[in-house]
Amino acid sequence: EGVYFTTIEAARNLLTPNRLAILRTVRSGRQRSIYELAKMVGRDLKNVRDDLRLLESYGLIRMAHATRSGKRRVRVPEAVFDQIELKIAI
């Protein structure tokens, strides 16, 4: 199980500083919604949503449903891994 890249540049393009900040914040588990996550990382909600979709497509996070403020359901990102290891064949 894992995510594989053909080049270092491909890994670098996915794991940008902003996306790593999202992964670290999601791993902390303190956010209760995507909106809260966007506030915590200091970024625009739309951009955070786009990054979450991409990270989810690579299997680095998963989106869970939670109930908040009565019956309102929200999507909450969850960390799948607690670390990322890069192995480079030479």
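1. Structural notes on the packing of helix 2 (residues 17-28) against helix 3 (residues 34-41)
Logical step 1: Remark: helix 2 packs on helix 3, axes separated minimally by 10 Å, with the N-to-C direction vectors making an angle of 120 degrees. In terms of their interaxial angle, helix 2 and helix 3 are classed as oblique. When the axes of helix 2 and helix 3 are compared, the crossing they make is right-handed. Taking contact as the criterion, the partners of Ala21, Ile22, Thr25 and Val26 in helix 2 are, on helix 3, Leu37, Met40 and Val41.
Logical step 2: Residues of the contact of helix 2 with helix 3, tallied by class, amount to six nonpolar, one polar and no charged.

2. Some remarks on helix 2
Logical step 1: When the terminal C-alpha atoms of helix 2 are compared, their 17 Å separation across 12 residues agrees well with the 16 Å that a helix rising 1.5 Å per residue should span.
Logical step 2: One or two steps after helix 2, the chain reaches Gly29, where phi turns positive at roughly 75 degrees.

3. What about the pattern of salt bridges?
Logical step 1: Applying the stated rule across the entire model yields seven salt bridges.
Logical step 2: For Glu56, the salt bridge goes to Arg75, with nearest N and O atoms at 3.9 Å. Placement of the pair is Glu56 in helix 4 (residues 45-57) and Arg75 in strand 2 (residues 72-79), with a sequence separation of 19 residues.

4. Re the nonpolar core
Logical step 1: Of all hydrophobic cores here, the largest spans 15 residues; its most connected members are Ile22, Leu37, Val48, Leu52, Leu55 and Ile61.
Logical step 2: Mapped onto this core, the elements with two or more residues apiece are helix 2, helix 3, helix 4 and strand 1 (61-68).
Logical step 3: Setting aside anything within four residues of it in sequence, one finds Leu52 in contact with Ile22, Ile34, Leu37, Ile61 and Pro77.

5. Thoughts on a nonpolar patch on the surface
Logical step 1: Judged by side-chain polarity, Ile8, Ile88 and Ile90 come together as a nonpolar surface patch covering roughly 400 Å² of accessible area.
Logical step 2: With respect to the helices, strands and loops of the structure, Ile90 is situated in the segment after strand 2.

6. With respect to the side chain of Arg19
Logical step 1: The residue Arg19 is located in helix 2 in this model.
Logical step 2: Reaching out from Arg19, the side chain makes a polar contact with the side chain of Asp51 at a distance of 3.0 Å.
Logical step 3: Setting aside anything within four residues of it in sequence, one finds Arg19 in contact with Asn13, Leu14, Asp51, Leu54 and Leu55.

Scoring rules and cut-offs
Residues numbered from 1 in each chain as written. Predicted model: local features only at pLDDT ≥ 70, side-chain atom pairs only at ≥ 80, totals over all residues. Heavy atoms only, no water. Axes fitted to C-alpha atoms, helices over the stretch in contact; angles between N-to-C directions. Helix = DSSP H or I, 4+ residues; strand = E, 2+ residues; numbered from the N terminus. Parallel < 35°, antiparallel > 145°, perpendicular 65-115°, else oblique. Left-handed = near helix turned anticlockwise from the far one by under 90°. Contact = heavy atoms within 4.5 Å. Nonpolar A, V, L, I, M, F, W, Y, C, P; charged D, E, K, R; others polar. Expected span 1.5 Å × (residues − 1). Salt bridge = Lys/Arg side-chain N within 4 Å of Asp/Glu carboxyl O. Core = buried A, V, L, I, M, F, W, Y, C linked by side-chain atoms within 4.5 Å. Buried < 20%, exposed > 50% of the residue type's maximum accessible area, 1.4 Å probe, protein only. Patch = residues over 30% accessible without salt bridge, like charges linked within 9 Å, V, L, I, M, F, W, Y side chains within 5 Å. Areas by Shrake-Rupley, 256 points an atom, 1.4 Å probe, with all protein chains shown as cover. Polar contact = N/O pair within 3.5 Å; in protein donor to acceptor, adjacent residues only side chain to side chain.

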